[in-house]
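# Observations on the model geometry
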Amino acid sequence: MTDTRTEILHKNYEAIHRNGFQGVRADKVVAEMGITKGALYHYFPNKFDLGYAILDELLAPHYLKIWESFERAEKNFGVVLLGVLESYRDFAKTDEEIKLGCPLTNLTQEMPPLDEGFRKRLHRITHQMQLQVETGLKNAQLAGEFKLDFNPTQTAFFYLSAIEGGFSVAKAMQSRAAFEMVIAQLKQFSEGLKV
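Residues numbered from 1 in each chain as written. Predicted model: local features only at pLDDT ≥ 70, side-chain atom pairs only at ≥ 80, totals over all residues. Heavy atoms only, no water.

Moving on: the layout of surface pockets. Approximately 230 Å³ is the volume attributed to the largest pocket. As for the largest pocket, its lining consists of 14 residues, and the residues nearest its centre are Tyr13, His62, Tyr63, Phe91 and Pro103. The class makeup of the residues in the lining of the largest pocket is eight nonpolar, four polar and two charged. (1 Å grid on protein atoms, 1.4 Å probe; cavity = no way out; pocket = protein on both sides within 12 Å on 5 of 7 lines; lining within 4 Å. Points joined across faces, edges and corners; volume = space filled by probe spheres on them. Nonpolar A, V, L, I, M, F, W, Y, C, P; charged D, E, K, R; others polar.)

Structural data, given as structure tokens:
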């Protein structure tokens, strides 16, 4: 059974994904859940604390799990990398998911200019993802499975930028096919990294 705090987090996360952080009234979300405003403020003194908790407790673990297998791989790096790229398709498999876009990308575009707490958290998540990709690429080079003629740091930024940009383009065009093309191109690029 889910506790009240967790329910509040999840329902507000869904509302933020649909409407953006600024477009959400957390008190309305909890009222629709049959939870009092007092309960909301018991757990989260203000809307920003709620947003920070969503980033720290829901988004960060979710996004950092995506690249974990590549970061921790010890062999078959190319296969693991292609599997990670393929897993991104799960985030864009329905028209509704394309319409709403990537939660991380949406918040990254909306909140850093407006709030330092959001900016720091989004920077931390993105930076940790970049380090995970970079670590996997370096380990693949050290294992002799990937070529040595590319910079793992730059390539990690390229992967993340292409994926998050792909989400944005797909959302703007309302086209799953656009996102599929980005993933297909990244998979082809990844094949070129192999020895």
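Here the focus is the packing of aromatic side chains. Tallied over the full model, the rule gives 17 aromatic pairs. When the ring of Trp67 is compared with that of Phe70, the centres are 6.1 Å apart and the planes differ by 65 degrees; the resulting orientation is edge-to-face. Among the aromatic side chains, those forming a connected cluster through ring pairs are Tyr63, Trp67, Phe70, Phe77, Tyr88, Phe91, Phe158, Tyr159, Phe167, Phe179 and Phe189. A cation over an aromatic ring shows up here: Lys47 above the ring of Phe21, its NZ or CZ 4.6 Å from the ring centre. Over the face of the ring belonging to Tyr52 we find Arg121, whose NZ or CZ atom lies 3.9 Å from the ring centre. (Phe/Tyr/Trp six-rings, centres within 6.5 Å; stacked < 30°, edge-to-face > 60°. Lys NZ or Arg CZ within 6 Å of the ring centre and 35° of its normal.)

Before going further, it helps to spend a moment on the UniProt feature "domain: HTH tetR-type" (unreviewed entry) in the protein. Residues given the UniProt feature "domain: HTH tetR-type" (unreviewed entry) here are residues 2–62. With 77% helix and 0% strand, residues 2–62 has end C-alpha atoms that lie 18 Å from one another. (UniProt positions renumbered as here; feature names shortened; annotations may be inferred. Helix = DSSP H or I, 4+ residues; strand = E, 2+ residues; numbered from the N terminus.)

Moving on, we come to unusual backbone geometry. With a phi close to 55 degrees, Asn76 is a non-glycine residue in the positive phi region. Looking at the element boundaries, Asn76 is found in the loop between helix H5 (68–72) and helix H6 (77–88). Exposure remark for Asn76: the relative accessible area of 43% places this residue in the partly exposed category. Phi is positive for Gln174, close to 50 degrees, though the residue is something other than glycine. Take Gln174: it is sitting in the loop between helix H10 (152–173) and helix H11 (176–191). On the basis of relative accessibility, which here comes to 44%, the residue Gln174 falls in the partly exposed class. (Buried < 20%, exposed > 50% of the residue type's maximum accessible area, 1.4 Å probe, protein only.)

On to the side chain of His17. With respect to the element layout, His17 can be found in helix H1 (residues 4–19). Among the residues examined, His17 registers a relative accessible area of 17% and is labelled buried. Apart from the residues lying within four places of it in its own chain, the contact partners of His17 are Leu100, Gly101, Cys102, Pro103 and Asn106. (Contact = heavy atoms within 4.5 Å.)

Moving on, we come to the environment of Leu50. For Leu50, the position within the fold is in helix H4 (residues 47–66). Classification of Leu50 by relative accessible area gives buried; the value is 3%. Leu50 has contacts with Ile8, Leu9, Asn12, Ala26, Leu40 and Phe44, leaving out every residue within four places of it along the chain.

Let us look at the pattern of salt bridges. A pair can form between side chains of opposite charge whenever their charged atoms are brought close. On inspection of all chains with the given rule, the structure shows 15 salt bridges. For the salt bridge of Arg176 with Asp95, the shortest nitrogen-to-oxygen distance reads 3.0 Å. With Arg176 in helix H11 and Asp95 in helix H7 (residues 95–100), the pair connects residues that are 81 residues apart, well separated along the chain. The partly exposed category is assigned to Arg176, whose relative accessible area is 30%. Among the ionic pairs, Lys138 bridges to Glu134, the shortest N-O distance being 2.8 Å. Of this pair, Lys138 and Glu134 both sit in helix H9 (residues 116–142), four residues apart, which is roughly one turn of that helix. Residue classification places Glu134 among the buried residues on the basis of a relative accessible area of 8%. (Salt bridge = Lys/Arg side-chain N within 4 Å of Asp/Glu carboxyl O.)

Compared with an ideal rise of 1.5 Å per residue, which puts 20 residues at 28 Å, H4 spans 28 Å between its outermost C-alpha atoms and is within 8% of the ideal. At Leu59, H4 shows its strongest bend, of approximately 40 degrees, with the proline Pro61 following within four residues. Residues of H4 that are buried: Leu50, Gly51, Tyr52, Ala53, Ile54, Leu55, Leu58, Leu59, Ala60, Tyr63, Leu64 and Ile66. The N-capping residue of H4, defined by a side-chain oxygen 2.9 Å from the backbone nitrogen of Phe48, is Asn46. (Expected span 1.5 Å × (residues − 1). Bend = angle between axes of the 7 residues up to and from the residue. Polar contact = N/O pair within 3.5 Å; in protein donor to acceptor, adjacent residues only side chain to side chain.)

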